[in-house]
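Coordinate analysis (summary)
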Amino acid sequence: MKNITRNIISLRRSAGLCAILCCAGLLNGASLFAGESASAGKAVVEPAQEDENFQNWVNLSLGGLILGGDQAQFKQQEHNSSIVNGGIDDMHYEKTFGKKTQLTIDGHAIFDNSDYKVKIELSQQDLGYIRAGYTQFRTWSDSNGGYLPSVSPLYPHGQFFAAGDNELGLDHGDIWVELGLRVPNLPELTVRYDHTYRYGQEASTEWGTGYLNPPRVPIGANLPTLSQKKVMPTYQDINETRDIITFDATKTLFGNTDLGLGMRYEYNKNNDSQYENNLGNRGAANQTWLTQNNVLDLNLYNGHFSTVTRFSDSFWLTTAYSYSSINSDTAGTRLTGTVGGPSNQNTSTFNPLHPLAGWADLNGQAVTDQQVINFNLMWVPVKDLTITPAVRIGVENTDANSPYMVTGTSHLVTGTNFLAASSNHFNEVEESLDIRYTGIDNILLYLRGNWDERTGDFQQTQTVGLNSNGAPILHKTGSNSIGQDANNTYLSQKYAVGANWYPLMGLNFAVQYYYQNEQNDYNWTVPGNVNVVAGKAVPKAGTNLGVINAEELITNDVNARMTWHPFSTLALVSRYDMQYMTFDNSGIGGSTAGGTALVPSVSVGDIQSAKITNNMFTESITWNPLARLYFQGNASFVLSETDTPAGSRNLTGNGPTYNSPTVLNFKNNYYELGCDVGFILDDKTDLHASYNFYRAYDYQNNISVGMPYGAGAIQNTITAGIVRKLTKNISLSLNYSYVSYSDQTSGYNNNYTANMIYSGLQFRF
């Protein structure tokens, strides 16, 4: 109630300020009239004409909102946080000193919204410039967990797993300075430094484990068997910085060649943590927190050069080379205990034998070297025909190792020393060809082809040390080391053909079709994918898990666009896209128990694991029936579905058999409608209004046999505003917006409504 009262008071003050400004304008006009009356019969000196070419401006804003429902969800979607906010919405100032020096300042600052930006530039003609800037903005997220529809008489309305304080904010910032030398006949030099950061908290999409019923219900209670679901809310602490120094130089040589040289150094430091809440086992009271801390220090060094040579207007050659070296160090922990939050980093609060395994003392290093060279040619062999071939060659090598200590009862020891190491080498060649022909009146034809081939070797090993008693830890192979080796081959082919046609003035069509085929073969070098010792096969990523041996993705895409101006006051833009993709996979099955030994891995033949069909249609209509009136309408319809073999399998839930698959086919269907209206009331007053409607309708409740997925939401947005020009250089605006959001996926717990009023005052000078 206090917030609403303050909001109303602030809005009243804003209205009072507007009234004062309006009165000031009227009083100013009245004084002019009074002056004319008093000077009747005397010579009148005409005032100098006011310069209307204003170069500078300041836009001030003040607004407030009244919220209902889930405020965090509103902040996440509307990027607005404060009950009352305002400040400098936009400003521009420029000043010339002498004939060659200019100062320019641009920016904005909105208080209580953590939205700031400023850019200052001082330039001297034929010498160069110095620029500096600062940017900060905030994004919000709703850290609530999932919603489980009712399957228990204890919860007829289902269960919603809400966070205690679900309003999380993450600040993004960039502080930078840039120097540029622009002296005639000398190389153009540019040096820039950036310090960027992300700091705060955001919701995590990796939820913790919860239950359909309370975990502390007695074992003998007459309730359905408890089912574990990933629904508990989790969040992340983000603390990341990046320092970047770049240097670039360009110079024209021999009159027809542009040479560019550059260097880049980048240092990244991340210290992020994730806090995941997990409810205890049924009948137990051991609610736990899993805390994972990820630390990364990364150094990147890059050097590059490029050339552009114009042999003639019809023959250009472009070349480029780049070398990058990346060195990174990783550290962190993943601990489970009864205390959540940063205090869980204290080893005295976590249980090293908790069933949820983790790790500690991680100390990893990785080194990556990459070299890339490009060649591009632009050739016009005959009039109206342009051929552009290009080739890109790359080499990449990575070596990494990560020693760490494993915790958890799955290893039967309080501390197991592990060493994971990997090495890979890749060679890549990418070619492209673009052909354009304009020799037919009002028609542009083009043909494009892209080919990408990559080959390489991949090696990964995991070695176990000694347990707490000093005895060696052995894998199921009978050795303390397992490995995976692969000779990877990747091939991608993409072909596109299209045309643009202009049959009439005000009418044009564009149509395109492309086909893409991507094949990825891992070619594991050892049958069964891993070393085999004493007739036993090693589990791949873990016992009973397999790996993908080959995969293929095929994409067919057709899109068409029409732009039509049937009248000078009417314009229509229509677009249709259809995309069809198929995924095919083959693999190696995981080892399974066979008596006292493991059954060796078996190959799994080629299967189609998914089909994706996308249909998208958009329409835009703009109509100006009168010089002072315009209408604009927009409509978008998207039909998207992913079909998998699991979507046809019906499983039995608690009680009777349900004709509903455990894994539903994924759908992303929605439509959006919008309308804008603008009217110029007179030469000083503009009116505008808009309405937007969004609807997603893919939520399916299969809680008895699986986890419900798919979006189900409705959003309505209404805005109206007025802009009034008080004088030649002062304008006043007032806007009102109403937003309502209804979310079926959260059991309507994330619903919200918002009433927003904002006023603006612009000064031009």
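In what follows, the structure referred to is the one given above.
The notes below deal with the structure included here. (Residues numbered from 1 in each chain as written. Predicted model: local features only at pLDDT ≥ 70, side-chain atom pairs only at ≥ 80, totals over all residues. Heavy atoms only, no water.)

Points about the side chain of Ser-574
The line we're drawing: Helix and strand definitions here come from DSSP, where helices need a minimum of 4 consecutive H or I residues and strands a minimum of 2 consecutive E residues; each element is numbered from the N-terminal end. Contacts described as polar in this section are N or O atom pairs within 3.5 Å, which, within protein, must combine one atom able to donate a hydrogen with one able to accept it, while residues neighboring in sequence count only if both atoms come from side chains. Should any heavy atoms of two residues lie within 4.5 Å, those residues are counted as being in contact.
By the element assignment, Ser-574 lies in strand E23 (residues 570-588). Within polar-contact distance, the side chain of Ser-574 engages the side chain of Glu-619 at 2.3 Å. Ignoring any residue separated from it by four or fewer positions in sequence, one finds Ser-574 in contact with Ala-560, Arg-561, Met-562, Thr-618 and Glu-619.

A look at the packing of aromatic side chains
The description of two aromatic rings rests on the distance between their centres and on the angle between their planes. Put simply, the test is: Two rings from Phe, Tyr or Trp (for Trp, the six-membered ring) form a pair when their centres sit within 6.5 Å of each other. Planes less than 30 degrees apart are called stacked, planes more than 60 degrees apart edge-to-face, and all others tilted. Burial classes: relative accessible area under 20% of the type maximum marks a residue as buried, over 50% as exposed, and values in between as partly exposed (1.4 Å probe, protein chains only). In this scheme, Lys NZ or Arg CZ marks a charge over a ring once it lies within 6 Å of the ring centre and within 35 degrees of the ring normal.
If you walk through the whole model with that rule in mind, you get 14 aromatic pairs. When the ring of Tyr-265 is compared with that of Tyr-301, the centres are 5.2 Å apart and the planes differ by 45°; the resulting orientation is tilted. Residue Tyr-265 is located in strand E13 (residues 257-278), and its partner Tyr-301 is located in strand E14 (residues 288-312); the two are separated by 36 residues in the primary sequence. Accessibility expressed as a relative area gives 28% for Tyr-265, which makes it partly exposed. Relative to Phe-315, the ring of Phe-311 has its centre 5.5 Å away and its plane inclined at 50°; by these criteria the two rings are tilted. Here the aromatic residues Phe-637, Tyr-671, Phe-693 and Tyr-697 are joined through ring pairs into a cluster of three or more. The residue whose ring lies beneath Lys-494 is Tyr-514, and the NZ or CZ to ring-centre distance is 4.3 Å.

Things to note about helix H2 (residues 71-78)
Along H2, the positions that sit buried rather than exposed are Ala-72, Gln-73, Phe-74 and Lys-75. You can read the cap of H2 off the contacts: a side-chain oxygen lies 3.1 Å from the backbone nitrogen of Ala-72, and it is on Asp-70. Remark: His-79 follows H2 within two positions and exhibits a positive phi of approximately 55°.

Things to note about the environment of Gly-262
Counting through the fold element by element, Gly-262 comes out in strand E13. Classification of Gly-262 as buried rests on a relative accessible area of 6%. Distance from Gly-262 to Leu-189, taken between C-alpha atoms, is 9.6 Å for residues 73 residues apart in sequence. Setting aside residues up to four positions removed in sequence, Gly-262 forms contacts with Phe-247, Asp-248, Asn-302, Gly-303 and His-304.

Re the nonpolar core
Rules: Remark: nonpolar core denotes a set of buried residues (Ala, Val, Leu, Ile, Met, Phe, Trp, Tyr, Cys) joined through side-chain atoms within 4.5 Å.
Leu-65, Leu-67, Phe-74, Ala-713, Val-739, Tyr-741, Tyr-752, Ala-754 and Met-756 form the largest nonpolar core, which has 9 residues in total. Among the elements of the structure, strand E1 (57-69), strand E34 (730-743) and strand E35 (752-764) are those that each provide at least two residues to this core. Ranked by the residues each element gives to this core, the list is headed by E35, at 3 residues. Ignoring anything within four residues of it in the chain, the contact list for Tyr-741 reads Gln-73, Gln-77, Ala-713, Ile-714, Gln-715, Asn-750, Asn-751 and Tyr-752. Counting residues in each nonpolar core, the second largest holds 7 residues, with Met-232, Leu-279, Ile-703 and Met-707 among its members.

Notes on the pattern of salt bridges
Applicable threshold: Whenever Lys or Arg places a side-chain nitrogen within 4 Å of a carboxyl oxygen from Asp or Glu, that contact is recorded as a salt bridge.
Following the criterion strictly, the structure yields 20 salt bridges and no others. Close ionic contact of Arg-182 with Glu-188 constitutes a salt bridge, the shortest N to O distance being 3.8 Å. The class of Glu-188 is partly exposed, set by a relative accessible area of 39%. A salt bridge links Arg-454 to Glu-428; the shortest N-O distance between them is 3.9 Å. With Arg-454 in strand E19 (residues 443-464) and Glu-428 in strand E18 (residues 416-437), this pair connects stretches of sequence that are 26 residues apart. Overall, the relative accessible area of 23% leaves Arg-454 in the partly exposed class. Taken together, the shared-partner salt bridges in this structure form one network comprising Glu-121, Arg-131, Glu-178, Arg-192 and Asp-194.

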